[in-house]
Amino acid sequence: RAWTGGIYDEGRRGWLASLEGKPEAQKALKPGAWNAMRVECRGDLIRSWLNGVPTAELRDSMTPRGFIGLQVHSVGADARERTIRWRNLRVTVLDR
């Protein structure tokens, strides 16, 4: 589907902002290469970019506090077939 950069509420509401109907955002993914992901949360405003391309923007006040998690889905029948890596991970506290 190439929905990297969309916003998904795991275990509750599902996709809050998918990339369906956003061909520019879907084309931003570079399979097999390093991809730059930016997520910005200011109050109830959540925005994301993939390789500099805007992918999602929404306001959601359901859960005003939470945590940051790095998650991978569907690595295959044998998880040893894949290596998942992150690099240059930065968390910055922003002014509201």
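From a predicted model like this one, the values you see are computed outputs, not experimental measurements.

Further remarks concern the sheet that holds strand 4 (residues 45–50). One open sheet accounts for 3 strands, arranged 3-4-5; its pairing is antiparallel. At either end of the open sheet lies a strand with only one pairing partner, and these are strand 3 (37–42) and strand 5 (53–59). Between one strand axis and the next, the sheet turns through 10 degrees on average, direction left out of account. Judged from the 6 bridges that link them, strand 4 and strand 5 form a sheet pairing that is antiparallel. In the strand pairing of strand 5, Arg47 is matched with Glu57.

On to the pairing of strand 2 (residues 14–17). The pairing of strand 1 (residues 7–9) with strand 2 spans 3 bridges and is classified as antiparallel. Paired with Asp9 across the bridge in strand 2 is Gly14. Where strand 1 folds back onto strand 2 in an antiparallel hairpin, the turn is made up of 4 residues, including Gly11, whose phi is positive at roughly 75 degrees.

Moving on, we get to unusual backbone geometry. Although it is not a glycine, Asn51 sits at a positive phi angle of roughly 50 degrees. Along the chain, the position of Asn51 falls in the loop between strand 4 and strand 5. We classify Asn51 as partly exposed; its relative accessible area is 22%. Its identity as a non-glycine residue notwithstanding, Asn88 has a phi of 55 degrees, on the positive side. With respect to the element layout, Asn88 can be found in the segment after strand 5. In this structure Asn88 comes out as exposed when scored by relative accessible area, which is 66%.

Rules used throughout
- Residues numbered from 1 in each chain as written.
- Predicted model: local features only at pLDDT ≥ 70, side-chain atom pairs only at ≥ 80, totals over all residues.
- Heavy atoms only, no water.
- Pairing = 2+ DSSP bridges.
- Helix = DSSP H or I, 4+ residues; strand = E, 2+ residues; numbered from the N terminus.
- Axes fitted to C-alpha atoms, helices over the stretch in contact; angles between N-to-C directions.
- Buried < 20%, exposed > 50% of the residue type's maximum accessible area, 1.4 Å probe, protein only.

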